[in-house]
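Examination of the molecular architecture
Spelled out, the chains give:
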Amino acid sequence: MIRRPDMSVLDRYDTLLFDMDGTLMNGGVPIPGAAPGVAAAREAGRSIVFATNNASRTPAQVVAHLATVGVEAAEDEVVTSPQIASQLLADGL
């Protein structure tokens, strides 16, 4: 029997959702391999979303914070808990 190699995350998914604290960084300390992993996903053409439940930061501040640990991000890739709450309220939920 021929065993197929296990598929990587990049082989399985076209979009990756990254939690920030504890996944990409621990406070201001980068998690080893996180920045190169995000960069590899970008190079592979995957869509990237950064999610945070930290309500004290705007998407622009999140992008700036990610840059401090070497992770490239754009504001339109950031989803914050206030954004979701606002959308839920607007939808009447």
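Source: prediction; values computed, not measured.

**A closer look at the overall build of the protein chain**
The secondary structure content of the protein chain amounts to four helices and five strands. The secondary structure elements of the protein chain, listed N-terminal to C-terminal, are α-β-β-β-α-β-α-β-α. Taking 2.2 N^0.38 as the reference for a compact globule, 93 residues should give roughly 12 Å; the C-alpha atoms of the protein chain span a radius of gyration of 16 Å, well beyond that estimate. With the C-alpha coordinates of the protein chain rotated into their principal frame, the extents come out at 55 × 35 × 20 Å. Residues counted as buried form 25% of the 93 residues belonging to the protein chain.

**Section: the nonpolar core**
The biggest cluster of nonpolar side chains holds 18 residues, and the ones touching the most others in it are Phe18, Met20, Leu24, Phe50, Leu66 and Val71. Contributions of two or more residues to this core are made by strand E1 (15-19), helix H2 (34-43), strand E4 (47-52) and helix H3 (59-68). Counting residues per element, this core draws most heavily on H2, which supplies four residues. Apart from the residues lying within four places of it in its own chain, the contact partners of Val71 are Ala35, Val38, Phe50 and Leu66.

Quick notes on the rules
Residues numbered from 1 in each chain as written. Predicted model: local features only at pLDDT ≥ 70, side-chain atom pairs only at ≥ 80, totals over all residues. Heavy atoms only, no water. Helix = DSSP H or I, 4+ residues; strand = E, 2+ residues; numbered from the N terminus. Rg over C-alpha atoms; globule rule 2.2 N^0.38 Å. Buried < 20%, exposed > 50% of the residue type's maximum accessible area, 1.4 Å probe, protein only. Core = buried A, V, L, I, M, F, W, Y, C linked by side-chain atoms within 4.5 Å. Contact = heavy atoms within 4.5 Å.

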